[in-house]
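Observations on the three-dimensional arrangement
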Amino acid sequence: MALPDDVPRYALGDELVSPGSVDFEEALARVHLRHVRPRCLCQPEGVPMYIARLGDGFIVKRMPFTGHCHAPDCGSYEPPLEMSGRGEVAPAIREDLATGCTALRVDFALCQRPGRAVPIAAGEPSGSARSPGSRLTLRGLLHYLWEQAELNRWHPGFEGRRPWAAVRRHVLRAAQTTLVDGQPLAQRLYVPEVFSAEQREVLAHRRRLQWVSALPRPGQPQPLLLVLAELKQLPPARYGHQAVLKHLPDVAFGLDAALARRLTRRFEAELASWNADNRLNLVLLATAIVSEHGLPSLVEVTLMLTTAAWLPVDNAWEAQLLNSLVHEGRRFSKPMRYHLAAAERLPTAVLADTETPPTPLILVDGSATNAETDDRTTWCWSPLDSCMPALPPRRTGSARPAWSPLQGGGTSRQEPLAHCTPMSTDWLWKRCPPATTAFRTV
């Protein structure tokens, strides 16, 4: 029976399965025991995947560094490393194919020792030099979680199906297979549940149970919570400020005066955009310390601006472009910056539904535009100089190939794919030459 284009299909030997199949879980369990390598059939010859155990079940995951080998409209597709900041932080991310878990190295403190304050920002160790990509910053961790939860992607089927409950579910699922400095991230990460006045006491009880592990104990280092939530307000308090989070009306997180000043200075542009447009959300990821009385205070904070559909943006112009793509029902992804500075140019979005995908959409701050229409691989818009040009047209018809076991999908060993080579970035410089070389191939 033919499957819709947006349903993933996998070859397990000579067997064709999809997540909608009745015996999908049983098929994964069988081939996991036999160490059979599944293949994603978004490409004619199939792209190697692997099966990982998640709780009592199994999931199919893409092989490391093969996201760009998948078809652009495949759920396992990732733009090439040249189109995101992921390549910059590759040394800090290690995926274990045997367990399906990803180990992250981070550069922020996860505990506080008695009598010693937690440093706000880690400095370089004395007498040594370190690559900035060897450890993830707090912002890098937030971008990683957002990317793994696939909240930087959009297709028309997501319309009306991204409330906070769905965001929370996908983030926590990504955290289940993530280790931070050797510790399970899911045990350290707190994401508030959707608030309900009728369930106020039940929700507060579950929150207190999760925060017990972060309470101080005499003579022991105190673990810090990782809190991910939508910011609602930053009102002044008697001492410093408070961070009021959505879905947490009965508790506020304290900020001392020094942290509040650093926060408003570092994220001045994001806070200004957020204040000016009530359709934008501001996502907070922070480390927090809990007092012996259960009162939380923020230690280190990062903020990320998103659209109402939780798509990350850097500014209001990017929000305008992504909202236009959502309104027109386009299929696209938003590359994540990780550690890349704002001056280093990245595509604002990468379309997956054009005739020759992937098609990057680039915002420029100068007068460079896509005046020449013969190059269809690049779309540029300079918001200060012109109105938004017409978006690249959609592909007509299906792009998914047919498959049969004779095409090689039945083999279980991992084979190199000829098309799995890093993509050239020449297309990016033809119309939008940057001031500095922003991309690094890893």
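Placed above this text is the structure.
Residues numbered from 1 in each chain as written. Predicted model: local features only at pLDDT ≥ 70, side-chain atom pairs only at ≥ 80, totals over all residues. Heavy atoms only, no water.

1. With respect to the overall build of the protein chain
To be explicit about the condition: Helix and strand labels come from DSSP, where a helix needs a run of H or I of at least four residues and a strand needs a run of E of at least two; each type is numbered from the N terminus. Here's how the labels work: a residue is buried when its accessible area is under 20% of the maximum for its type, exposed when over 50%, partly exposed in between, all with a 1.4 Å probe on protein chains only. Residues are treated as being in contact if the distance between any of their heavy atoms lies within 4.5 Å.
What the protein chain contains, in helices and strands, is nine helices and 23 strands. Classification of the 442 residues of the protein chain by burial places 48% in the buried group. Taking the contacts inside the protein chain whose residues are at least 6 apart along the sequence as the reference set, 62% of them involve residues at least 24 apart.

2. Let's talk about the pattern of salt bridges
Heads up, the condition is: Here, a salt bridge means any Lys or Arg side-chain nitrogen found within 4 Å of an Asp or Glu carboxyl oxygen.
What the rule picks out here adds up to 13 salt bridges. In this structure, Glu15 and Arg30 form a salt bridge, with 3.4 Å as the shortest nitrogen-oxygen distance. Of the two residues, Glu15 is situated in strand E2 (residues 15–17) and Arg30 in helix H1 (residues 24–33); the sequence distance between them amounts to 15 residues. Relative accessible area serves as the criterion here: at 28%, Glu15 is assigned to the partly exposed category.

3. Points about the nonpolar core
Stated formally: Side-chain atoms within 4.5 Å link the members of a nonpolar core, which is a set of buried Ala, Val, Leu, Ile, Met, Phe, Trp, Tyr and Cys residues.
Counting 45 residues, the largest nonpolar core has Phe253, Leu298, Leu303, Leu325 and Phe332 as its most contacted members. Here Leu325 is in contact with Arg330, Phe332, Ala349, Leu351, Leu361 and Leu391, once residues within four sequence places are set aside. Counting 33 residues, the second largest nonpolar core, distinct from the first, contains Leu104, Val106, Leu185 and Val191.

4. Looking at the sheet that holds strand E1 (residues 10–12)
The strands that make up a sheet pair up through hydrogen bonds in the backbone, lying either parallel or antiparallel. To keep it simple, the criterion reads: For two strands to count as paired, DSSP must find a minimum of two bridges between them. Here an angle of 0 to 180 degrees is reported between the N-to-C directions of two axes, which are lines fitted to C-alpha atoms, with helices fitted over the stretch in contact.
What the five strands build is an open sheet, ordered E2-E1-E3-E4-E5; its pairing is antiparallel. The open sheet has two edge strands, E2 and strand E5 (57–62), and neither has a second partner. Pairing between E1 and strand E3 (residues 39–40): two bridges, direction antiparallel. Within the sheet, the bridge partner assigned to Ala11 lies in E3 and is Arg39. On the sheet, H1 packs against E1, E2, strand E4 (47–54) and E5 and is oriented at approximately 75° with respect to E5.

5. What about unusual backbone geometry?
A negative phi angle characterises most non-glycine residues, just as the trans form characterises most peptide bonds. In this structure, the amide linkage connecting Pro357 to the following residue, Pro358, adopts the cis form with an omega of -5°. Within the element layout of this structure, Pro358 appears in the loop between strand E21 (349–351) and strand E22 (359–363). Not every positive phi belongs to a glycine, and Trp310 is a case in point at roughly 65°. As for its placement among the helices and strands, Trp310 is situated in the loop between strand E18 (296–306) and strand E19 (312–313). In this structure Trp310 comes out as buried when scored by relative accessible area, which is 5%.

6. Re H1
Selection rule: Think of it as the arc spanned by the lines of direction from the helix axis to the C-beta atoms.
Within H1, burial applies to Phe24, Ala27, Leu28 and Val31. Down the axis of H1, the buried side of the element spans an arc of 100°, and every buried residue falls inside it. Looking at the buried side of H1, the elements it contacts are E1, E2, E4 and E5.

7. Details of the sheet that holds strand E11 (residues 183–184)
With mixed pairing, four strands are arranged side by side in an open sheet as E6-E7-E10-E11. The open sheet has two free edges, formed respectively by strand E6 (93–95) and E11, since each of these has just one partner strand. Here strand E10 (residues 178–180) runs beside E11; their pairing, made up of two bridges, is antiparallel. Residue pairing for E11: Leu179 is matched across the bridge by Pro184.

8. Let's talk about the packing of aromatic side chains
Under the convention used in this document: Each pair of aromatic rings taken from Phe, Tyr and Trp, with Trp reduced to its six-membered ring, is defined by centres within 6.5 Å and is described as stacked if the planes are under 30 degrees apart, edge-to-face if over 60, and tilted in the remaining cases. By definition here, charges over rings are those cases where NZ of Lys or CZ of Arg is within 6 Å of the ring centre and within 35 degrees of the ring normal.
For the structure on display, the rule yields six aromatic pairs. Geometrically, the ring pair formed by Trp164 and Trp310 is tilted, given 5.3 Å between the ring centres and 55° between the ring planes. Separated by 146 residues along the polypeptide, Trp164 in helix H3 (residues 164–176) and Trp310 in the loop between E18 and E19 bring together distant segments of the chain. Per residue, the accessibility class of Trp164 equals that of Trp310, and both read buried. Counting every residue linked through ring pairs, the aromatic cluster contains Tyr190, Trp211 and Phe253. In this structure, Arg207 is placed above the aromatic ring of Trp211, and the distance from its NZ or CZ to the ring centre is 5.5 Å. Its guanidinium or amino end placed over the ring of Phe267, Arg266 lies 4.5 Å from that ring's centre, counting from NZ or CZ.

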